[in-house]
Amino acid sequence: MDTGKILTRSDSFSEIVMGNTALVRAMIEAGVKLVSAYPGSPTPEIADAVMAVRRQEDLFYFEYSVNEKVASEVAFGASISGNLSVVFFKSVGLNVAADSFVQFSLLDLKGGLVIVLGDDPGANSSQNEQDNRHYARMTNTPVLEPADPQQVYVMFLKAAELSAELQHPVILRMTTHVCHAKSRVRFGSRKKAERSKWSFSPEPGEYIPLTKSVAAMKKRSILKLEKFREWNEISDFNRLTDNGSNRGIITCGLPSLSLDDVLSEITNPPDLLVLGSPWPLPIALITDFCASHDEVLIVEELDPFIENEIKAAAYDAGLGCRIIGKTEPEDFIGELRPGAVRRFLLRKWPEIDPAPAADLPEIPVLPRPAQMCPGCGHRSAFHAISRALHPKDTTVADIGCHTLGYMEPYRMGQVLLSMGHSNGTGSGLSVFKPEGRVITFIGDSTFFHAGLPGIINAVYNKHKITLIVMENGTTAMTGHQDHAGTGGISVRQVLQALGIGFIEEVDTYKQKELTEAVKRAIAFDGFSVVIAKHPCMLKFTREQRRRGKEPSTQAQINQEVCRRIKTCISEFACPSFMIDSEDGSIGVNPELCIGDGSCVQTCSAAAVSIGRKQ
Amino acid sequence: MKCNIYLNGVGGQGIGVLSELVIRAYDDAGFQVKGVDTHGLAQRGGSVESHIRIGYPSGSPLIEAGKADIVLSLELTEAYRALYGLLRDGGHLAYFDTLWQSLPVRLEAEKAPDAEMIGTAAAARNVSVLRVGTDGSGDVRMQNIMLLAESVKGGVLPGIAAGNIRSALIQLFSGEVLEKNLGLLESIFG
């Protein structure tokens, strides 16, 4: 299936797509001129679809910027030059972008700018589940919140239209299971694309928010937000279901679909008001709804965001309606999947009658978390590095595939905060560390993203820590996107330019050499760096398979030599090794092994070798 | 017809393609379909799942625990997990008979489930079981298609036929991959 061909069709059509893909057709129909991004779940498939479109037709400029802040600035620059722009990234990406993002609403964004957020309630693939609606309120930025792929498409079109009309940023807030939900979406036809513009205003001070100019800019921003609110009062995205009840529910986004499931089981369901936008709220619509009900329950994921606004509006309107929201800690946590909505409803209104959640037996198998792939250079690196470390050493992880090293059996990485934190955190740890060394890790994409300031700080402030750059030549965790390093900027040369006194580079498959290099780096009296390098083997084998080349070799175990020390399983732990539950012998799963051979050197009995695929 | 189909397996087994084929086969048969896959971090050799809901024009793309009518699983351990986690009493389970040992199993902290354990647990909950691929033959990367075709042939997936899988394959693939998959379909349905 050629996604690019489908998304660039000129007529109207329908297709089964996920939310992330539907979004890109909407960008085309809206006439977007520039798209920028930094990869992060749940948004990478937006970029996949963008790439597919660009292979077909050059409809807009696209780049992976080095981080979310730069991506936002690129989109901002294009917007104030008069061109409709889009920037997209994951939830926590907004923290990185925030320093520039908070200024956007103060300025006239001539061409329009839509910020597409991939929020992650439930922390499906993130380090927290932060509720980014707070940023919207802080900055007077309107938000539209789709619940399914069809709404992603229509809401993006509306977001783009309103943003260009108000010259104001608009957020399209998607969440993980909106980004990845799949269904048949009806698309419109494409108009002839307009040419890009250059209408940047050179008027003195127009784009300089500073001291005295800020007040007027802020007022303009508030007035634009009010314009959006006026539209929201009559927006078709707000959906009212009147069941003739004296009870009502107000909700927004994906939880509205969970409610559809649970309410369909109830004999006398409450009335339902589904909002298309959580900010700014349609206050008149909501107060009318509250005024005509005795009790209104607010069903929203994460923080009591619309709840607090609605309570304030009800107070201002002097309503007697009882507004019920979050009280227990569990009310604030996680996704509102159908089961969670069922439990929430029963907590708040114990007498209404959806059946309680199914009483299931406990699952008798342990969870199977993600792990490093067969042949992963990080596994080989961790195995070698562990042989250079002292039990008193402290290891600091960063964000990326290597973060998985914190798990059994590697136990590599004891602290994690955010993209690029490792050298800042590591420096602070080292100040009072009585014994042993602080070892920090960082991947190559994260190195360029936000890693450099912490590294420069460690060099400048003379922190004696050892950095191990886990360089695999791609942004692996999010699906192999390019980054500054793949674009030709050398990690090693950048580090050399900082005047670091110790830099060694070793292929991670050369475990003895890597162990020795790390020992020397730890002994070095100053900030030291080891670049542990090996290409991402998942990317490599996928590319080989696309060219029709299957792995022809695999690991083999000579059962006569094997002494059942089991280092290959208990320490190296490549998923290709299997244990025979009957006799405890070790075998190799030919479906998994890629024949990379990084395991051979881990066997002290020399029982592992590489032979032909079985 | 309303039906909740839950798919699971281990990251790397091709569950994304399986889910896309099931969705397109039901769409081809004229049903209203929605679904959602796990993506991103969860893909690296961890448990992966897809939810598919047939005939629910409103409602979540996610299936509530204990409300799946059918589970298709690409791996033994994951079949066992879904049997306890998502499948309703009296539901249907079809699984591909292969074992990707999890780390606790490899570290001998846990025993891997086998066909017998699945059979016993299924019988206790009145769940029908279809084992696919027990002879160990076939291309590893076509196990997903084999499970789908055998599930349709074995009556586990209601409302669709070989022709709908064929249409789904044609929508998704071309060239040699399509030919190989159509060949497999032919060999199963005759």
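Quantities reported herein were computed from a predicted structural model and do not represent experimental measurements.

Secondary structure assignment for chain B yields 7 helices and 6 strands. For chain B, the succession of helices and strands along the chain, N to C, is β-α-β-β-β-α-β-α-α-β-α-α-α. In terms of overall dimensions, chain B is globule-like: its C-alpha atoms have a radius of gyration of 16 Å, near the 16 Å expected for 190 residues. A burial count over chain B gives 61% of its 190 residues as buried. A separation of at least 24 residues holds for 65% of the contacts in chain B among residues at least 6 apart in sequence. Split by element, the accessible area of chain B, about 6700 Å² in all, is 52% carbon and sulfur.

Moving on: the interface of chain B and chain A. Taken together, the contacts link 59 residues of chain B with 61 residues of chain A. Of the roughly 5000 Å² buried where chain B meets chain A, counting both sides, 56% is carbon and sulfur surface. At the junction of chain B with chain A, the criterion picks out 11 salt bridges. Ionic pairing is found between Glu64(B) and Arg342(A), a salt bridge with its closest N-O pair at 2.5 Å. Inspection of the region where chain B meets chain A yields 27 residue pairs in polar contact (both at pLDDT 80 or more). When residues of the side of chain B that touches chain A are traced back to their parent elements, those giving at least two are α1 (15–28), β2 (33–37), β3 (47–54), α2 (76–85), α3 (103–106) and α6 (162–172) of chain B. Looking at the side of chain B that touches chain A, its residues break down into 22 nonpolar, 19 polar and 18 charged. Pairing of strand β8 (residues 181–187) of chain A with β2(B), which is carried by 3 bridges, proceeds in the antiparallel orientation.

Our focus in this paragraph is the sheet that holds β8(A). Strand order in the open sheet formed by 8 strands is β1(A)-β8(A)-β2(B)-β3(B)-β1(B)-β4(B)-β5(B)-β6(B), and the pairing between neighbours is mixed. Each edge of the sheet is formed by a strand with only one pairing partner; in this case those strands are β1 (13–18) of chain A together with β6 (128–132) of chain B. Across the sheet, the axes of successive neighbouring strands diverge by a mean angle of 20°, strand direction being ignored. Across 5 bridges, the pairing between strand β5 (residues 87–96) of chain B and β6(B) is parallel. Bridging from a neighbouring strand, Phe96(B) pairs with Val132(B) of β6(B).

This part covers the sheet that holds strand β6 (residues 143–144) of chain A. Residue and element names in this part refer to chain A. The strand order across the open sheet built from 6 strands is β3-β2-β4-β5-β7-β6, with neighbouring strands paired in parallel fashion. Lying at the two open borders of the sheet, with one neighbouring strand each, are β3 (61–64) and β6. Seen against the sheet, helix α5 (residues 93–104) touches β4 (85–90), β5 (113–119) and β7 (169–175) and runs at an angle of roughly 150° to β4.

Next up on the list: the packing of aromatic side chains. Aromatic ring pairs are reported here in terms of the distance separating the ring centres and the angle at which the planes meet. Residue and element names in this part refer to chain A. Within this structure, the stated rule accounts for 17 aromatic pairs over all chains. Their ring planes at 5° and their centres at 5.2 Å tell us that Phe76 and Phe104 sit as a pair that is stacked. Pair noted here: Phe76 is in helix α4 (residues 68–80) and Phe104 is in helix α5, with a separation of 28 residues, a long-range link. Pair check on accessibility: Phe76 and Phe104 agree, each one buried. Relative to Phe237, the ring of Trp231 lies with its centre 6.1 Å away and its plane at 70°, an arrangement referred to as edge-to-face. Residue Trp231 shares its accessibility class with Phe237, and that shared class is buried. Within the aromatic cluster, the residues linked to one another by ring pairs are Phe76, Phe101, Phe104 and Tyr135.

This next bit is on the nonpolar core. Residue and element names in this part refer to chain A. Counting residues in each nonpolar core, the largest one holds 48 residues, and the members touching the most others are Leu23, Val116, Phe156 and Leu172. Counting residues per element, this core draws most heavily on helix α7 (residues 149–166), which supplies 8 residues. If we skip the residues at most four places from it in the chain, Leu23 touches Ile46, Val116, Val152, Phe156, Leu172 and Met174. Counting 43 residues, the second-largest nonpolar core is a separate cluster that includes Ile80, Ala98, Ile115 and Cys321.

Our focus in this paragraph is the environment of Glu75(B). Examined against the element boundaries, Glu75(B) turns out to sit in the loop between β4 (68–73) and α2. Along the sequence, Glu75(B) and Leu184(B) sit 109 residues apart, while their C-alpha atoms lie 20 Å from each other. Sequence-distant contacts of Glu75(B), defined by excluding residues within four places in its chain, comprise Arg368(A), Val10(B), Gln13(B), Phe96(B), Thr98(B), Leu99(B) and Trp100(B). A polar contact of 2.8 Å, which involves the side chain of Glu75(B), links it to the backbone nitrogen of Thr77(B).

With that out of the way, let us pick up the confidence of the model for chain B. When pLDDT is averaged along chain B, the result is 93; 96% of the residues meet or exceed 70. At the level of chain-chain contacts, confidence expressed as ipTM amounts to 0.96, with global pTM at 0.96.

All names here are of chain A. Where helix α14 (residues 377–386) contacts helix α18 (residues 511–523), the axes come no closer than 8 Å and their chain directions differ by 50°. As the angle between them shows, α14 and α18 are arranged oblique. Considering only the axes of α14 and α18, their crossing is right-handed. Note on element contacts: α18 touches α14 through Gln511, Leu514, Thr515 and Val518, opposite Ser380, Ala381, His383, Ala384 and Ile385. Within the contact of α14 with α18, the residues separate by chemical class into 5 nonpolar, 4 polar and no charged.

Rules used throughout
Residues numbered from 1 in each chain as written. Chains lettered and ligands numbered in written order. Predicted model: local features only at pLDDT ≥ 70, side-chain atom pairs only at ≥ 80, totals over all residues. Heavy atoms only, no water. Helix = DSSP H or I, 4+ residues; strand = E, 2+ residues; numbered from the N terminus. Rg over C-alpha atoms; globule rule 2.2 N^0.38 Å. Buried < 20%, exposed > 50% of the residue type's maximum accessible area, 1.4 Å probe, protein only. Contact = heavy atoms within 4.5 Å. Areas by Shrake-Rupley, 256 points an atom, 1.4 Å probe, with all protein chains shown as cover. Buried area = accessible area lost by both parts, 1.4 Å probe. Salt bridge = Lys/Arg side-chain N within 4 Å of Asp/Glu carboxyl O. Polar contact = N/O pair within 3.5 Å; in protein donor to acceptor, adjacent residues only side chain to side chain. Nonpolar A, V, L, I, M, F, W, Y, C, P; charged D, E, K, R; others polar. Pairing = 2+ DSSP bridges. Axes fitted to C-alpha atoms, helices over the stretch in contact; angles between N-to-C directions. Phe/Tyr/Trp six-rings, centres within 6.5 Å; stacked < 30°, edge-to-face > 60°. Core = buried A, V, L, I, M, F, W, Y, C linked by side-chain atoms within 4.5 Å. pLDDT = per-residue confidence, 0-100. Parallel < 35°, antiparallel > 145°, perpendicular 65-115°, else oblique. Left-handed = near helix turned anticlockwise from the far one by under 90°.

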